[in-house]
Amino acid sequence: MTYVDSSSVTGRRSGHIKLHGPEGFEGMRRAGQITARALDALVPLVKPGVTTAALDKFVFEYGRDHGAYPAPLHYKGYPRSICTSINHVVCHGIPDDKPLRDGDILNIDVTFVLDGWHGDASRMYVAGNPSRRAQRLIEVTYECLLRGVAAVRPGGHIGDIGHAIQVYAEAERCSVVRDFCGHGLGRLFHDEPNVLHAGKRGDGAPLKPGMFFTIEPMINLGGAAVKVLSDGWTAVTRDRSLSAQFEHTVGVTETGVEVFTLSPAGLDRPPLAS
């Protein structure tokens with residue numbers, strides 16, 4: 001894998017890892033914050049009886065009112081503005097008109113494009129009162145995200161991130177989904193590098209200042225195996241065990257890591273956590 005100055009490459013995914021300068025960091029901060037604020041605004045809306053289609057409509061309108069566009073809408077044919085993954089859905093769940101039930105847990109994944117830059121983040125939400133095992137899964141998954149972010153530093157490797165996540169998740173008797181991963185982004189929605197959520201220290205591309213990517217571990221209470229439903233998007237656990245996910249967009253700095261999608265209100269922590 002080779003590295004290039006982002007200003008020298010335009011258009012589609014090129015197979016190179018782009019390194020961004022101060023302008024890129026500022027653009028990603030703005031895009032990341034509008035995404036984080038939209039996720040904050042969803043907190044009081046997620047409750048039993050609400051439909052995920054209504055949440056999707058809210059996010060579309062939130063972006064429109066703030067000069068941003070939802071990147072998933074029509075991306076490779078995806079029909080909605082957000083992804084809503086409920087209970088045993090691992091990722092890419094499509095919003096619909098079915099009301100949420102008491103105890104449902106769901107991941108809501110939002111990506112806004114603002115001035116050409118992509119801010120991509122997701123969080124877990126709870127409709128009503130979750131089971132204790134669901135709450136524990138949410139807490140474990142959030143800790144996996146934190147450990148993955150903490151592994152980002154110049155001179156490290158992509159594999160350090162996956163290693164930190166895998167070691168913790170498996171120690172908590174949970175499994176890490178291998179079928180999906182984090183990804184580079186910036187002016188493209190999906191770019192190099194792929195960021196696996198399981199791995200070995202020292203493996204993978206070296207981490208260099210100016211890299212932008214997501215860390216988005218998907219953690220299951222049961223086995224790691226998933227399957228994609230006939231709609232071509234919705235991925236579910238094969239054993240129908242609960243799944244959870246948290247996601248941040250980060251940039252590698254000269255001294256460590258900057259998280260672009262932190263909640264300004266501190267609402268990106270697990271819901272109902274003590």
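A.B. asks: Could you clarify how one ought to interpret the overall build of the protein chain in this entry?
C.D. replies: From N to C terminus, the protein chain includes four helices and 17 strands. Computed over the C-alpha atoms, the radius of gyration of the protein chain is 17 Å, within 12% of the 19 Å expected from 2.2 N^0.38 for a compact globule of 274 residues. For the protein chain, the C-alpha atoms occupy an extent of roughly 50 × 45 × 40 Å along the three principal directions. Burial analysis of the protein chain (274 residues in total) assigns 55% to the buried set. Within the structure as shown, the protein chain displays about 11,600 Å² of accessible surface, and the carbon and sulfur contribution to it stands at 53%. Where the 29 positive side-chain charges of the protein chain centre and where its 30 negative ones centre are 4 Å apart.

A.B. asks: Would you mind going over empty space enclosed by the protein with me for this structure?
C.D. replies: Over the atoms, a rolling probe the size of a water molecule traces out where space has been left empty. The final tally for this structure, using the stated rule, is one cavity of 30 Å³ or more. In this structure, the largest cavity spans a volume of roughly 40 Å³. Of the residues that constitute the lining of the largest cavity, the class distribution is two nonpolar, two polar and three charged.

A.B. asks: Where do I start with the sheet that holds strand S15 (residues 243–245) in this structure?
C.D. replies: Within a beta sheet, neighbouring strands are joined by backbone hydrogen bonds and run either parallel or antiparallel to one another. In space, the three strands of this open sheet follow the order S8-S12-S15, with antiparallel pairing throughout. This sheet does not close on itself; its edge strands, each paired only once, are strand S8 (175–176) and S15. In this structure, S8 lies alongside strand S12 (residues 218–220), joined through two bridges in antiparallel fashion. The residue of S12 that forms the bridge with Val176 is Ile219. Running at roughly 35° to S15, helix H3 (residues 132–150) makes contact with S12 and S15 of the sheet.

A.B. asks: Mind showing me how you'd approach H3 here?
C.D. replies: Given a rise of 1.5 Å per residue, 19 residues ought to cover 27 Å, and the 27 Å separating the end C-alpha atoms of H3 matches this to within 8%. Regarding H3, the residues found buried are Ala134, Gln135, Leu137, Ile138, Val140, Thr141, Tyr142, Cys144, Leu145, Gly148 and Val149.

A.B. asks: Can you help me understand the layout of surface pockets in this one?
C.D. replies: What the largest pocket holds in volume is close to 570 Å³. What lines the largest pocket is a set of 27 residues, among which Tyr75, His92, His183, Phe189 and His190 lie closest to the centre. At three residues, strand S6 (residues 105–114) tops the list of elements feeding residues into the lining of the largest pocket. For the lining of the largest pocket, the per-class residue count stands at eleven nonpolar, nine polar and seven charged. Together, 18 residues line the second largest pocket, and Ile86, Asn87, His88, Val89 and Lys98 are the ones closest to its centre. The residue inventory of the lining of the second largest pocket, partitioned by class, reads five nonpolar, seven polar and six charged.

A.B. asks: When you look at the sheet that holds strand S5 (residues 89–91) in this model, what are you seeing that I'm missing?
C.D. replies: Strands sit in the order S5-S14-S13 across an open sheet of three strands; the sheet is antiparallel. The strands lining the two open edges of the sheet, one partner per strand, are S5 and strand S13 (226–228). Put simply, the sheet's adjacent strands are angled 40° from each other on average, direction ignored. Where S13 meets strand S14 (residues 235–237), three bridges bridge the pair, whose relative direction is antiparallel. Residue pairing in the sheet places Val226 in a bridge with Thr237 of S14.

A.B. asks: Could you clarify how one ought to interpret the packing of aromatic side chains in this entry?
C.D. replies: Pairs of aromatic rings are described using the distance from one ring centre to the other and the angle between the two planes. A full pass over the atoms with the stated rule returns seven aromatic pairs. Ring geometry for Tyr78 against Trp233: centres 5.0 Å apart, planes inclined by 80°, an arrangement best described as edge-to-face. Within this pair, whereas Tyr78 is found in the loop between strand S3 (69–70) and strand S4 (83–86), its partner Trp233 is found in the loop between S13 and S14, the two being separated by 155 residues in sequence. Ring plane angle 90° and centroid distance 5.4 Å describe the contact between Phe212 and Phe260, whose orientation is recorded as edge-to-face. One end of the pair, Phe212, is in strand S11 (residues 212–215); the other, Phe260, is in the segment after strand S17 (257–259), with 48 residues separating them in the sequence. Ring pairs connect the aromatic residues Phe25, Phe212 and Phe260, which therefore count as one cluster.

Each value, and the rule that gives it
- Residues numbered from 1 in each chain as written.
- Predicted model: local features only at pLDDT ≥ 70, side-chain atom pairs only at ≥ 80, totals over all residues.
- Heavy atoms only, no water.
- Helix = DSSP H or I, 4+ residues; strand = E, 2+ residues; numbered from the N terminus.
- Rg over C-alpha atoms; globule rule 2.2 N^0.38 Å.
- Buried < 20%, exposed > 50% of the residue type's maximum accessible area, 1.4 Å probe, protein only.
- Areas by Shrake-Rupley, 256 points an atom, 1.4 Å probe, with all protein chains shown as cover.
- Lys, Arg positive; Asp, Glu negative; His and termini not counted.
- Charge placed at Lys NZ, Arg CZ, Asp CG, Glu CD.
- 1 Å grid on protein atoms, 1.4 Å probe; cavity = no way out; pocket = protein on both sides within 12 Å on 5 of 7 lines; lining within 4 Å.
- Points joined across faces, edges and corners; volume = space filled by probe spheres on them.
- Nonpolar A, V, L, I, M, F, W, Y, C, P; charged D, E, K, R; others polar.
- Pairing = 2+ DSSP bridges.
- Contact = heavy atoms within 4.5 Å.
- Axes fitted to C-alpha atoms, helices over the stretch in contact; angles between N-to-C directions.
- Expected span 1.5 Å × (residues − 1).
- Phe/Tyr/Trp six-rings, centres within 6.5 Å; stacked < 30°, edge-to-face > 60°.

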